[in-house]
2 protein chains.
Amino acid sequence: MSEHIKVFLSEDEMPRQWYNIQADLPHPMPPPVTPDGKPVTPDMLAPVFPMNLIEQEVSTQRWIDIPDEVLQVLWLWRPSPLCRARRLEQALGTPARIYYKNEGVSAPGSHKPNTAVAQAYYNKAFGIKRLSTETGAGQWGSALAMGCKLMGLECKVYMVRISFDQKPFRKIMMQTWGAQCVASPSRDTQAGRAILEKTPDTPGSLAIAISEAIEDAVTSKGTRYALGSVLNHVLLHQTIIGLEAKKQFAKIGLYPDVVIGCAGGGSNFAGMSFPFLADKIAGKTNPRVIAVEPAACPKMTRGPFVYDSGDVAMMTPLLPMHSLGHAFVPAPIHAGGLRYHGMAPLVSHVLREGLIEAKAVQQLECYKAAVLWAQTEGFIPAPETSHAIAVAIQEAQRAKEEGKERVIAMNWSGHGLMDLSGYQSYFDGKLTDYSLPQNELEASLKSLEGLPKPPPL
Amino acid sequence: MSEHIKVFLSEDEMPRQWYNIQADLPHPMPPPVTPDGKPVTPDMLAPVFPMNLIEQEVSTQRWIDIPDEVLQVLWLWRPSPLCRARRLEQALGTPARIYYKNEGVSAPGSHKPNTAVAQAYYNKAFGIKRLSTETGAGQWGSALAMGCKLMGLECKVYMVRISFDQKPFRKIMMQTWGAQCVASPSRDTQAGRAILEKTPDTPGSLAIAISEAIEDAVTSKGTRYALGSVLNHVLLHQTIIGLEAKKQFAKIGLYPDVVIGCAGGGSNFAGMSFPFLADKIAGKTNPRVIAVEPAACPKMTRGPFVYDSGDVAMMTPLLPMHSLGHAFVPAPIHAGGLRYHGMAPLVSHVLREGLIEAKAVQQLECYKAAVLWAQTEGFIPAPETSHAIAVAIQEAQRAKEEGKERVIAMNWSGHGLMDLSGYQSYFDGKLTDYSLPQNELEASLKSLEGLPKPPPL
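Now for a description of the structure that goes with this document. Keep in mind that this is a model prediction, so the values were computed, not measured. Note that residues are indexed from 1 along each chain, following the sequence as it is written. All chains are assigned letters beginning with A, and all ligands numbers beginning with 1, in the order in which they are written. In keeping with the model being predicted, local features are shown solely for residues with a pLDDT of at least 70 and side-chain atom pairs are shown and tallied solely at 80 or more, while totals for entire chains, interfaces and linings include all residues. The side-chain numbers reported here are obtained from all heavy atoms of the structure, hydrogens and water having been left aside.

### Looking at the pattern of salt bridges
So, step 1. Here, a salt bridge means any Lys or Arg side-chain nitrogen found within 4 Å of an Asp or Glu carboxyl oxygen. Applying the stated criterion across every chain yields a total of 35 salt bridges over all chains.
So, step 2. Its salt-bridge partner being Arg398 of chain A, residue Glu395 of chain A comes within 3.1 Å of it at the nearest N-O pair. In this pair, Glu395 of chain A and Arg398 of chain A are both assigned in helix 17 (residues 385-402), 3 residues apart and thus about one turn of the helix distant.
So, step 3. Three exposure classes are used, based on accessible area relative to the maximum for each residue type with a 1.4 Å probe and protein chains only: buried under 20%, partly exposed in between, and exposed over 50%. Taking the relative accessible area as the measure of exposure, Glu395 of chain A reaches 2% and is therefore buried.
So, step 4. Of the residues examined, Arg398 of chain A reaches a relative accessible area of 27% and is grouped as partly exposed.
So, step 5. Where Asp24 of chain B meets Arg62 of chain B, a salt bridge forms, and the shortest distance between an N and an O atom there is 2.5 Å. You can see Asp24 of chain B sitting in the loop between strand 2 (17-19) and helix 1 (42-45) and its partner Arg62 of chain B sitting in the loop between helix 2 (51-58) and strand 3 (63-65), a full 38 residues away along the chain.
So, step 6. The class for Asp24 of chain B is buried, based on a relative accessible area of 17%.
So, step 7. Each of Arg288, Glu357, Lys359, Glu395, Arg398, Glu402 and Arg406 of chain A takes part in one network of salt bridges that share partners. Helix and strand definitions here come from DSSP, where helices need a minimum of 4 consecutive H or I residues and strands a minimum of 2 consecutive E residues; each element is numbered from the N-terminal end.

Here it is, written out as structure tokens:
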């Protein structure tokens, strides 16, 4: 008899449309604006993104068809299994059932290719030949490298110098998928050369790499820029995760009481949770939905809801979001994918609407949870994913105290096989907990001075 | 409409028994013998393996029940999907359909845990508390580390010094699963200390590591030794791969014309192919079955069928197998898992019976095939797996020339995310082809002099 340890979907059962939560928001989103407070128009974004993605970015249509060409690539690893973490439940002695959506089954090992493939497709359909992007730890860069190769586009990735040197394997992955990966700052852009002239030994930063990638996109022929999180269309492409999960839960006659995801820019959390929020907004169900962030980078739990830029150099429009200020420099925790100053406008908005909760967790609790996971469920999680696991364990323990048979659903956003050095530091006792000091937060928030303010809800 | 890109099985459909080909061999296997030619008795193996596994090693029972405790762990990643490599087919313009069994979905990333979990279970059931083993590149060591942790055993892995230094991530994986991993030669065994005294800077070898692991097993309380390939019971545990594949093909109304696997010790090849050979022996079907080895280590295509030892120090019994001689030192190709002097007795036997074919391929053809795979199917294969891919591509091209709609089935034994440095060497033009020179083969075969000879078929 089946114990529902894994729930698969056939290709026939795979969702054929993405879910756009913008159709169902109780209050409309404030628009992106320029520094003088004027709404950003699609034309302003045209040098950076193709118009079909800009249209998706502002669409309020509830369901958006997934093109066949995108589906055929997603089939390489999707539908991803919904799995029950029964051995973890047993170790915790909890009456709760913990289910996780395993996004680590993709070739680069995370949820990132869900949007990388879609973005490559839309750019190609718009006549674009080449994409540029930046990457920190390398998860996004490798996903876009694969997405471009499978769609027949060229790809150039500006990888933060310190990661480029410390994580040579990510670079080899990108090269295997035919992408060019250079250390940033590079000699290939004006922005990069200017910085190298002043500070030839700089370790680089995500802010610099974004500047280089955008300069590349707006100055190179047939090239556009691609971003791996934060934006509405990126979150849209990730909703296939939650849409599959809903079908999988329906197959076993369950519905989650709690939905959990880690949140850096917000895309994996949104991808898992927004389809469940659709039911919640419609009053059909009432799950608790929890976004988990590191205490070292607590934009949702301690950052205000403001208009802020996506990068230090303020090259992007101002987005309405929870932010620690674009000048914020996160502590060097191992969950590189969660070290970002702002939260996706859509995630910030549903938090403001009271539809979701945010929780901050410490690094040591996350690694402890990750090791318990590996020693019960086998798979070694990415440091980012361990944040979701830590809160799933908290919730399972609470269910035990309360004697409740809750169903906990979590997005298991990726595996940690390319991030094992963080585990080594943990085993060697080199990691510490870290909460952002209040004075540092206040200093960083000064970078928001003089910017327009979003309207009240 | 489904295009059968992926065929899943539910837990209910997962095989509940392993297939033992020893029940169906046209001629019986010659027994393992001592250097003076006497058959090895179970008692002789008792200090090294638990009696329940020794019984499995010599069993001729056709079907052997998979214990529930083993099934419950295998469910963490099994049943593995059977996938169609349609994008590769399109790139080749072949009328053939290429299906692959994706064993890269396990937590350590290969087929190895199929037997690691089973061996840990049987040792535990026999009252053993701790397992010792050796590992080269680290694939087997990390699988056994996970298997032991999930079954509640301790585990110690002797990892060849040069790999220990070059591949620190494998060691961290093992540590995450609670195993102790030391560089071999180590100061923890008499064998290790003796070698370090003479050659303190030695890079180590698999032969030394085996000696240390066996010494550990026979001298430590409650400890036994575990081997990741070659032996009959190891191949038995891997048959779940082919048994699942047969059910998956039946679901889509197909049966393979060609079955392909790479072969180092022989376990992944046997696991995929033996269930199909059962039909072939019974005269029900007649697939071609191809074992692929590197030209640098061509035991099946150029090594004689002999009695030989499994290790340099001749600590193991003599096994009837194709061998290059136990003194053989393979060239440093990147497919570390295929660098072994002998082939599993059961695989050697079915080759001798004419039930399978053997092919040797060159390293550059394999990396070229691996990169084409990654750029069409997404997943980056292990260097070992690329040998199976190379021959699948050869067969697909032959089908194109002949205009035949053949069904090609391949075991995709593991992913290459922990082996990316080989890809770097390939991209940098540092790899070359290499065929074992005849004079080196003849010199190595001298280590067989004076050993008993197996009887003719």
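From this point on, the discussion continues.
### So, the side chain of Glu89 of chain A
Residue and element names in this part refer to chain A.
So, step 1. With respect to the secondary-structure elements, Glu89 resides in helix 4 (residues 86-92).
So, step 2. Relative accessible area serves as the criterion here: at 4%, Glu89 is assigned to the buried category.
So, step 3. Note on definitions: a residue-residue contact is assigned when non-hydrogen atoms from the two residues lie within 4.5 Å. The residues touching Glu89, leaving out its near neighbours within four places in the chain, are Arg84, Thr94, Ala96, Arg97 and Ile98.

### Considering the packing of helix 9 (residues 190-198) of chain B against helix 10 (residues 206-219) of chain B
Helix-helix packing is characterised by the crossing angle of the two axes and by the distance between the axes.
Residue and element names in this part refer to chain B.
So, step 1. Look at helix 9 against helix 10: their axes get within 8 Å of each other, and the N-to-C directions meet at 145°. Counted together, Gln190, Ala191, Gly192 and Ile195 of helix 9 and Ile208, Ser211, Glu212 and Glu215 of helix 10 form the full contact between these two elements.
So, step 2. Only Asp, Glu, Lys and Arg are considered charged, only Ala, Val, Leu, Ile, Met, Phe, Trp, Tyr, Cys and Pro nonpolar, and every remaining residue, Gly among them, polar. Tallied by class, residues from the contact of helix 9 with helix 10 come to 3 nonpolar, 3 polar and 2 charged. Interaxial angles span 0 to 180 degrees and are taken between N-to-C directions of axes, which are lines fitted to C-alpha atoms, for helices over the stretch in contact.

### A look at the pairing of strand 11 (residues 288-294) of chain A
Residue and element names in this part refer to chain A.
So, step 1. With 6 of 7 residues buried, strand 11 lies mostly within the body of the structure.
So, step 2. The crossover handedness rule: strands pointing away from the viewer, path from first strand over the helix to second strand clockwise, crossover right-handed. Handedness of the crossover joining strand 10 (residues 258-262) and strand 11 through helix 13 (residues 267-281) is recorded here as right-handed.
So, step 3. Two strands pair if DSSP finds at least two bridges between them. In this structure, strand 11 lies alongside strand 14 (residues 357-361), joined through 5 bridges in parallel fashion. Considered in strand 14, the bridge of Pro294 is made with Val361.

### Focus on the relation of the copies chain A and chain B
So, step 1. Fitting of the copies onto one another was done by least squares over C-alpha atoms, counting residues only where both copies have pLDDT of at least 70. Laying chain A over chain B is done by rotating through 180° and shifting 0.0 Å along the axis; what remains is an RMSD of 0.0 Å. As the rotation angle and translation indicate, the two copies are arranged about a two-fold axis.
So, step 2. A symmetric contact is evident, with 100% of the interface residues of chain A recurring at the interface of chain B.

### Side note on the packing of helix 6 (residues 139-151) of chain B against helix 8 (residues 168-176) of chain B
Residues and elements named next belong to chain B.
So, step 1. As a packed pair, helix 6 and helix 8 sit with axes 8 Å apart at the nearest point and diverge in direction by 10°. As judged from the angle between their axes, helix 6 and helix 8 are roughly parallel. Residues Gln139, Gly141, Ser142 and Ala145 of helix 6 form the contact with helix 8, whose own contacting residues are Arg170, Met173 and Met174.
So, step 2. Classifying every residue of the contact of helix 6 with helix 8 by side-chain character gives 3 nonpolar, 3 polar and 1 charged. Roughly parallel here means an angle under 35 degrees, roughly antiparallel means over 145, roughly perpendicular means 65 to 115, and every remaining angle is called oblique.

### Quick notes on the sheet that holds strand 9 (residues 223-225) of chain A
Residues and elements named next belong to chain A.
So, step 1. Taken together, 4 strands build an open sheet; the order of strands is 8-7-6-9 and the sheet is parallel. In this open sheet, the two edge strands, each paired with only one partner strand, are strand 8 (180-184) and strand 9. Direction aside, neighbouring strands of the sheet carry axes that sit 25° apart on average.
So, step 2. Alignment of strand 6 (residues 130-135) against strand 9, held across 3 bridges, turns out to be parallel. Bridged to Leu131 within strand 9 is Arg224.
So, step 3. Against the sheet, helix 6 (residues 139-151) engages strand 6 and strand 7 (154-160), with an angle of about 165° to strand 6.

Purely spatial values, then, with no claim about function.
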